[in-house]
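Breakdown of the fold
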Amino acid sequence: MSNTAQQFDVVVIGAGPGGYIAAIRAAQLGFKVACVDDSVNAKGGPAPGGTCTNVGCIPSKALLQSSEHFEHASHSFAEHGIEVSGLKLNLPQMIKRKDDVVKQNNDGILYLLKKNKITFFHGRAAFTGAATADGYPFEVTGQSAATLTAKHVIIATGSTPRALPNVPFDEKQILSNTGALALSAVPAKLGVIGAGVIGLEMGSVWRRLGSKVTVLEGLPTLLGGIDEQIAKEAGKLFAKQGLNISLGVQIGKISAGKKGVSVDFVDAKGEKHSELFDKLIVSIGRNANTNGLGADKAGLQIDERGCIVVDGDCKTNLPNVWAVGDVVRGPMLAHKAEEEGVAVAERIAGQHGHVNFNTLPGVIYTSPEIAFVGKSEQQLKADGVAYKAGVFPFLANGRARALGDTSGMVKFLADATTDEILGVHIIGPMASELIAEAVVAMEFKASAEDIARICHAHPSLSESTKEAALAVDKRTLNF
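Read on for an overview of the structure.

Thresholds applied
- Sequence positions are assigned chain by chain, starting from 1 and proceeding in written order.
- Under the rules for a predicted model, residues below a pLDDT of 70 receive no local features and side-chain atom pairs below 80 are neither given nor counted, while totals for whole chains, interfaces and linings still include all residues.
- Here the side-chain values reflect all heavy atoms present in the structure, with hydrogen atoms and water set aside.
- Numbering of helices and strands runs from the N terminus, with a helix taken as a DSSP run of H or I at least four residues long and a strand as a DSSP run of E at least two residues long.
- Here, axes are lines fitted to C-alpha atoms. For helices the fit covers the stretch in contact, and angles between N-to-C directions go from 0 to 180 degrees.
- Rotating anticlockwise by less than a right angle from the far helix to the near helix defines a left-handed crossing, while the corresponding clockwise rotation defines a right-handed one.
- Any two residues whose heavy atoms approach within 4.5 Å at even a single point are treated as in contact.
- Asp, Glu, Lys and Arg are counted as charged, while Ala, Val, Leu, Ile, Met, Phe, Trp, Tyr, Cys and Pro are counted as nonpolar; the rest, among them Gly, fall into the polar class.
- Here a strand pair is declared whenever DSSP counts at least two bridges between the two strands.
- By salt bridge we mean one thing: a side-chain nitrogen of Lys or Arg within 4 Å of a carboxyl oxygen of Asp or Glu.
- Each pair of aromatic rings taken from Phe, Tyr and Trp, with Trp reduced to its six-membered ring, is defined by centres within 6.5 Å and is described as stacked if the planes are under 30 degrees apart, edge-to-face if over 60, and tilted in the remaining cases.
- Each residue is placed in one exposure class: buried if its accessible area under a 1.4 Å probe, protein chains only, is under 20% of its type's maximum, exposed if it is over 50%, and partly exposed if it falls in between.
- Here the expected length of a helix is defined as 1.5 Å per residue gap, with one fewer gap than residues.

Focus on unusual backbone geometry
Most peptide bonds adopt trans geometry, and most residues besides glycine take a negative phi value. Cis geometry is found at the peptide bond from Ser-367 to Pro-368, where omega equals 5°. Backbone torsion omega between His-458 and Pro-459 reads -5°, so that peptide bond is classified as cis. Structurally, Pro-459 is set in the loop between helix 13 (448-453) and helix 14 (463-472). The backbone of Lys-117 sits at a positive phi, close to 60°, despite the residue not being glycine. Within the secondary structure layout, Lys-117 lies in the loop between helix 4 (91-115) and strand 3 (119-122).

What follows is the structure in structure tokens.
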């Protein structure tokens, strides 16, 4: 190894939610830390934050917020006594605001790395061989070219969008999440393949702004991974809004031309269709990103799906090499990556980092929002667990009425014998915020009765959580 190599206790590869958080926690624990990331902004500078900050969670929420404001101004303000004339969409400004929000987050992460005395390398890190007495050797290529050695390595390289076979993304007509967030005009007809989180959120954005949106989903049910009652309610509400969702679809030939993107498909009844869309978003999942990592040179084990193989503590097959986030097993969630990053940094320090996969909340930021934690009703049935269910509709909540958004419900699932909360599922206003109470309760193994006995402010949406807990024992007070 060259004597010019810079030596670190911990090198973190990737500055997404898992990577930069792992780097900060490791620095807090007294380690000499480097973080390497190759994401670039429009000017070629560093853009830490990974997919989440740059082309995922953050920009999508910015556009969802902006498009929701536009829809409210178009359809809801009059009910509140607010009359708007001459309303028009300034899409370039909307996209600029989204870009500004992203940059603020990029700059914030760079500040945090500097604040915690973490050396940041803007480039791509790759193993150049197996571990030596100095640690694992790396070569960083790019703007911050360097040679590094690390006693411990945390890989947090995230994921990339999965394309359909023989249908590559061009980000002009056939779009991944990246292109879907950067359209320069509202497409008259928008096709979306995949009714998961990305497909529904992006479909919602462009529908609100004027697109006629058709969502094609291969699975026979909508949002099959969440509670069935909640998913059915979501389907009804999305249809009412104007999202045209077809389930059980088999996608055929896709071809892009001057007139748009032609999609052939067979519906659930076996009938053949051909649709021409101005733009097509493909959101059929994501692949772990291990390209260019030099895994073969170090002997790092990668499974048949392209994920880095880890145990329950995020240890790889190599001593002192760890991996977190989208690049390993488990749900591809930014907050899951953050928790794993913190846990790994603490394990490196000899502490007992912990991640409870049973209490990882999931959120879909459509309108209404969908949020959930723990088991669904169908999962409990499949596991043979005796349970009680309690449901409370936002229709009966005073704050929801005042907001003008009474769609959806809160649903509690509790053990039939012990009353321990096994799952909470919400569809409705601010579900992403309301779910936090359920996560805390489940972490402390609370019962539904515990939530039912806690005083909740009035009027508040959170009262629906209390009422759903009361409903487990069939004693709601306002429904």
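Examining the packing of helix 3 (residues 57-76) against helix 4
In the contact formed by helix 3 and helix 4, the axes pass within 9 Å of each other and the chain directions differ by 145°. Crossing hand, helix 3 versus helix 4: right-handed. In this structure, helix 3 contributes Ile-58, Pro-59, Ala-62, Leu-63, Ser-66 and Ser-67 to the contact, and helix 4 contributes Met-94, Ile-95, Arg-97, Lys-98, Val-101, Val-102 and Asn-105. For the contact of helix 3 with helix 4, a count of residues per class yields eight nonpolar, three polar and two charged.

Notes on the sheet that holds strand 22 (residues 421-428)
The strand order across the open sheet formed by five strands is 18-19-22-21-20, and the pairing between neighbours is antiparallel. The open sheet has two edge strands, strand 18 (362-364) and strand 20 (387-393), and neither has a second partner. Here the average twist between neighbouring strands, direction ignored, is 10°. In this fold helix 7 (residues 228-241) packs onto strand 19 (369-374), strand 20, strand 21 (409-415) and strand 22, with an angle of close to 5° to the strand it touches most, strand 22. Here helix 12 (residues 431-443) sits on the sheet and contacts strand 18, strand 19 and strand 22; the angle it forms with strand 19, its principal contact strand, is near 10°.

As for the pattern of salt bridges
Should their charged atoms come close, side chains of opposite charge can pair. In this structure the tally under the stated criterion is 23 salt bridges. For the salt bridge of Arg-208 with Glu-71, the shortest nitrogen-to-oxygen distance reads 4.0 Å. In this pair, Arg-208 sits in helix 6 (residues 197-208) while Glu-71 sits in helix 3, placing the two residues 137 residues apart along the sequence. Glu-420 is paired through a salt bridge with Lys-445; the nearest N and O atoms lie 3.8 Å apart. Here Glu-420 is found in the loop between strand 21 and strand 22, whereas its partner Lys-445 is found in the loop between helix 12 and helix 13, with 25 residues between them in sequence. A single salt-bridge network, built from bridges that share partners, covers Glu-449, Arg-453, Asp-473 and Arg-475.

Describing the packing of aromatic side chains
Under the criterion given, the structure shown has four aromatic pairs. Measuring from centroid to centroid gives 5.9 Å for Phe-127 and Tyr-136, while their planes differ by 75°, and the two rings are edge-to-face. Tyr-136 carries the same exposure label as Phe-127, and that label is buried. A centroid spacing of 4.5 Å and a plane angle of 35° characterise the contact between Phe-127 and Phe-138, whose relative ring orientation is tilted. Remark: Phe-138 occurs in strand 5 (residues 136-141) and Phe-127 occurs in strand 4 (residues 124-127); sequence separation between them is 11 residues. Members of the aromatic cluster, joined through ring pairs, are Phe-127, Tyr-136 and Phe-138.

Focus: helix 1 (residues 17-28)
Count 3.6 residues to each turn of an α-helix, and residues three or four apart come out pointing the same way. If you check helix 1, its first and last C-alpha atoms are 17 Å apart, about what 12 residues at 1.5 Å a residue would give, namely 16 Å. With 10 of its 12 residues buried, helix 1 lies for the most part within the structure. Taken residue by residue, helix 1 has Pro-17, Gly-18, Gly-19, Tyr-20, Ala-22, Ala-23, Ile-24, Arg-25, Ala-26 and Ala-27 as its buried positions. Buried residues along helix 1 sit against strand 1 (6-13), strand 2 (33-37), helix 2 (50-55), helix 4, strand 6 (146-155) and helix 9 (334-348). Two residues or fewer after helix 1 comes Gly-30, characterised by a positive phi angle close to 100°.

Description of the pairing of strand 14 (residues 272-277)
Pairing between strand 13 (residues 260-266) and strand 14: six bridges, direction antiparallel. Pairing of Asp-264 across the sheet is with Ser-274, part of strand 14. Adjacent in sequence and paired antiparallel, strand 13 and strand 14 are bridged by five residues, among which Gly-270 carries a positive phi angle near 90°.

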